[in-house]
Amino acid sequence: MDGEIIRRLIRRVYGGWPFDFKKRACELLGRPALRTVDEELWIKNLDGPDCYAHVHRPLSTDAVNGGYPGVIIVPGGGSPGTAYDGLTEVTADDIAALGTVVLHYDPQGRGKTTGVEDYWGVRHQRELSAIIKQFFDVEGVNRENVGILAFSIGITIATGALCRFPVADCQIKYLFDWEGPSNRANITKNDTHEPLMDFPMSNDEFWREREAAAFIGGITCDYFRYQATTDHMQGAYKGHAIELLNKASAGLARSTRCNDNPPNCYYEETNPQRYKWVPTQTNQKGQILKYLLEMQNAI
């Protein structure tokens, strides 16, 4: 079903319910829930087709300190950005209601953006850099407080863009990684993940452009890892999280942190039980929003 149809259906069926839900979530986080508006936007991409996007923002124009914090959502899997209008762990409106300008987009080959699916490769990475450049000029965005929220394998696009194609004069403050895979082995589940059977681990030409572990050491912003006890794809396995955290800490990242563990620490893969993972029964939406606010407010 088309993402725009889904979005309209959600609003038609639930009416005022989404705002009431966001209001309760915001109250738990000690924030007033702001009413939000959204608009369509086409992002100019010199290296490919123009990119379809939505910008969600607080209805209030009383932004403080030079604008609202900004967040760019990088979708996971093969999802279009319109999925984040209402059918995901956290929606763009959930974040905007906390006082944030949020952009989500359809990567090349998905949704309303034309072109060929690139499976998180160099075209998708360059595309995100074009989006970052233009998002910094979106009205109401505080250029000193822009973060990227990458879902799942979207971390490959995000780290590739930040490491390989950084945008001059557009410094990302933090990268928020929601349970992203680190390398071809855990992405393909050792060549057993059915949707990726056409891309075996032995295809080095394909995978050397698509492993976040190869790029994360080059990011220069804060890095936050959200990791539940039971990963959405990897189950109880934590090696992917630990690899990315340790490589970010050993690299150029300004700081690293996972959940409520101490910042900038080294993680031992042989003893993952000693670290704090988000319990499966926890309110995942509320926990993600809580950590996102903490990254926005970090000095």
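This structure is a prediction, so every number in the text was calculated from the model and none was measured. Each chain carries its own residue numbering, running from 1 in the written order of its sequence. Totals for whole chains, interfaces and linings use every residue, but because this is a predicted model, local features are given only for residues with pLDDT of at least 70 and side-chain atom pairs only at 80 or more, for both listing and counting. Calculation of side-chain values draws on the structure's entire complement of heavy atoms; hydrogens and water are dropped beforehand.

**What about the environment of Glu243?**
Each helix is a run of H or I in the DSSP string that is no shorter than four residues. Each strand is a run of E no shorter than two, and both are numbered from the N terminus. Tracing the sequence through the fold places Glu243 in helix H9 (residues 239–250). Distance from Glu243 to Asn183, taken between C-alpha atoms, is 9.0 Å for residues 60 residues apart in sequence. Side-chain polar atoms of Glu243 contact the side chain of Ser182, separated by 2.6 Å. Whenever two N or O atoms come within 3.5 Å, that pair is a polar contact, provided that in protein one can donate a hydrogen and the other can accept it, and provided that, for residues adjacent in sequence, both atoms are side-chain atoms.

**Some remarks on unusual backbone geometry**
Of note, the phi angle at Tyr119 is positive, near 50°, even though the residue is not glycine. Within the secondary structure, Tyr119 is located in the loop between strand S4 (101–105) and helix H4 (122–135). Positioned with a positive phi, Lys189 is a non-glycine residue whose angle comes to about 50°. Relative to the elements of secondary structure, Lys189 occurs in the loop between helix H6 (184–188) and helix H7 (204–207). Judged by relative accessible area, Lys189 falls into the partly exposed class, the value being 31%. Three labels apply to residues, based on accessible area from a 1.4 Å probe with only protein chains included: buried if under 20% of the type maximum, exposed if over 50%, partly exposed otherwise in between.

**Observations concerning the state of the cysteines**
Put simply, a disulfide is two cysteine sulfurs that come within 2.5 Å. Summed over the entire model, instances satisfying the criterion amount to 0 disulfides. Cys258 takes part in no disulfide bond, and the closest cysteine sulfur, belonging to Cys265, lies 8.3 Å away. Judged by relative accessible area, Cys258 falls into the buried class, the value being 0%.

**Details of the confidence of the model for the chain**
Along the chain, pLDDT gives the predictor's confidence residue by residue, from 0 to 100. In the predicted model, the chain carries a mean pLDDT of 90, and the fraction of residues at 70 or more is 89%. Two residues form a contact once any of their heavy atoms are found within 4.5 Å. Ignoring residues within four places in sequence, the model shows residues 1–19, a span with pLDDT below 50, making 20 contacts including any to other chains.

**Considerations on the environment of Thr91**
Along the chain, the position of Thr91 falls in the loop between strand S3 (68–74) and helix H3 (92–96). A relative accessible area of 9% means that Thr91 is categorised as buried. Separated by 11 residues in sequence, Thr91 and Val102 have C-alpha atoms that sit 9.7 Å apart. Other than its neighbours up to four places away in sequence, Thr91 contacts Tyr84, Asp85, Gly86 and Lys285.

**Let's talk about the sheet that holds strand S6 (residues 174–178)**
Only when DSSP finds a minimum of two bridges between them are two strands counted as paired. With mixed pairing, the 8 strands of this open sheet are ordered in space as S1-S2-S4-S3-S5-S6-S7-S8. Both edges of this open sheet fall to strand S1 (36–43) and strand S8 (255–258), since each of them pairs with a single strand only. Here the strands of the sheet are splayed against their neighbours by 20° on average, with no regard to which way each runs. As paired strands, strand S2 (residues 51–58) and S4 are joined by 4 bridges and run antiparallel to one another. Within S4, the position partnered with Ala53 by the bridge is Tyr105. Every axis in this analysis is a line fitted to C-alpha atoms, fitted for helices over the stretch in contact. Angles between the N-to-C directions lie between 0 and 180 degrees. Those strands touched by helix H5 (residues 154–164) are S3, S4, strand S5 (141–151) and S6, and its axis lies near 140° from that of S5. Lying on the sheet, H9 is in contact with S6, strand S7 (222–226) and S8; it crosses S7 at an angle near 170°.

**So, the packing of aromatic side chains**
In this description, a pair of aromatic rings is defined by centroid distance and the angle of the planes. Only Phe, Tyr and Trp rings take part, Trp by its six-membered ring, and two of them pair if their centres are within 6.5 Å. Stacked means planes under 30 degrees apart, edge-to-face means over 60, and tilted covers everything else. All chains considered together, the criterion is met by 12 aromatic pairs. With 5.6 Å between their ring centres and 50° between their planes, Phe151 and Trp178 make a pair best called tilted. Taken together, the positions of Phe151 in strand S5 and Trp178 in strand S6 put the pair 27 residues apart, joining distant regions of the chain. With a relative accessible area of 2%, Phe151 lands in the buried category. Judged by its relative accessible area of 7%, Trp178 is buried. Arranged with centres 4.8 Å apart and planes meeting at 90°, the rings of Phe206 and Trp207 form a pair that is edge-to-face. Both residues of the pair, Phe206 and Trp207, belong to the buried class. Each member of the aromatic cluster is reached from another via a ring pair, and the members are Tyr119, Trp120, Phe199, Phe206 and Trp207. In this structure, Arg210 packs its charged tip against the face of Phe206, placed 3.9 Å from the ring centre. Criterion for a charge above a ring: Arg CZ or Lys NZ at most 6 Å from the ring centre, at most 35 degrees from the ring normal. A cation over an aromatic ring shows up here: Lys238 above the ring of Trp277, its NZ or CZ 5.5 Å from the ring centre.

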